[in-house]
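Report on the structure
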Amino acid sequence: NAGVMQNPRHLVRRRGQEARLRCSPMKGHSHVYWYRQLPEEGLKFMVYLQKENIIDESGMPKERFSAEFPKEGPSILRIQQVVRGDSAAYFCASSPPAVADTQYFGPGTRLTVL
Amino acid sequence: GDSVTQMEGPVTLSEEAFLTINCTYTATGYPSLFWYVQYPGEGLQLLLKATKADDKGSNKGFEATYRKETTSFHLEKGSVQVSDSAVYFCALRDFNKFYFGSGTKLNVKP
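Before going into details, it helps to say that this report is about the structure given with it. (Residues numbered from 1 in each chain as written. Chains lettered and ligands numbered in written order. Predicted model: local features only at pLDDT ≥ 70, side-chain atom pairs only at ≥ 80, totals over all residues. Heavy atoms only, no water.)

Below, the discussion takes up the state of the cysteines. Considering all chains together, one arrives at 2 disulfides over all chains under this definition. The side chain of Cys23(A) participates in a disulfide bridge whose partner is Cys92(A); the two sulfur atoms lie 1.7 Å from each other. Measuring handedness by torsion sign, the sulfur bridge of Cys23(A) and Cys92(A) sits at about -50 degrees and is left-handed. Taken as a pair, Cys23(A) in strand β3 (residues 19-24) and Cys92(A) in strand β9 (residues 88-95) lie far apart in primary sequence, 69 residues in all. Pair check on accessibility: Cys23(A) and Cys92(A) agree, each one buried. Paired by a disulfide, Cys23(B) and Cys90(B) hold their sulfur atoms 1.9 Å apart. Taking the torsion about the sulfur-sulfur bond, which here is approximately -70 degrees, the covalent link between Cys23(B) and Cys90(B) counts as left-handed. Of this pair, Cys23(B) sits in strand β4 (residues 23-26) while Cys90(B) sits in strand β10 (residues 86-94); the two residues are 67 residues apart in sequence, bridging distant segments of the chain. Across the pair, exposure class does not vary: Cys23(B) and Cys90(B) are buried alike. (Disulfide = S-S within 2.5 Å. Helix = DSSP H or I, 4+ residues; strand = E, 2+ residues; numbered from the N terminus. Buried < 20%, exposed > 50% of the residue type's maximum accessible area, 1.4 Å probe, protein only.)

Written out as structure tokens, the structure reads:
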């Protein structure tokens, strides 16, 4: 059973460009979470999604950031008009339906904004 | 609001030394508690968990006991190995949201 997959693993963007980060949850998992980790810091919750629904986006910046988890395909975290402060590691986690007790993490996408 | 506080690192130990990494939490409800480990360049891996007061989570020689009276979930290991070098994160789950501490880096020297 493959684990949580994220791609790309490394992404370099110039200021003002868009960044798209993809997350494929573990098979059978319908809950997806996105976290951001700044250097030397812990993970900060961004958003919690189920298929076609945003359940909790209280950790998402109000502008430029959006997330989706369509019926088919991976979850996407989209950052428009990136700035240097967006440079971080972005982790996706998934959990099975009705059992959100444990989250399983992907390897992360490291975004660098030049 | 909910939060997790863990001891700052880095913690440097010699092989076979005893390890304690302190973690305390603040929560409005009855959270589940977790320790995750992160190796360089990788995502977080679940190390152990406890879902209610007085539960002890254990895995790979690591242990942590859910102490409601002191709101703590300290991580311990009796004899560390070089391969235990990593960053350790304490976390709590309240409903569907996880809160993580800032992480403690452990360096184990041979």
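Going through the model one piece at a time under the given rule, you end up with 12 aromatic pairs over all chains. Ring centres 5.4 Å apart and planes at 80 degrees place the aromatic pair Phe105(A) and Tyr36(B) in the edge-to-face group. Here Phe105(A) is found in strand β10 (residues 104-105), whereas its partner Tyr36(B) is found in strand β5 (residues 32-38) on a different chain. The burial state of Phe105(A) is the same as that of Tyr36(B); both residues are buried. Taking the centre distance of 5.7 Å and the plane angle of 55 degrees together, the rings of Tyr36(B) and Phe100(B) count as tilted. Of this pair, Tyr36(B) sits in strand β5 while Phe100(B) sits in strand β11 (residues 97-100); the two residues are 64 residues apart in sequence, bridging distant segments of the chain. Residue Tyr36(B) is classed as buried on the basis of its relative accessible area of 0%. Members of the aromatic cluster, connected to one another through ring pairs, are Tyr35(A), Phe45(A), Phe105(A), Phe34(B), Tyr36(B), Phe98(B) and Phe100(B). (Phe/Tyr/Trp six-rings, centres within 6.5 Å; stacked < 30°, edge-to-face > 60°.)

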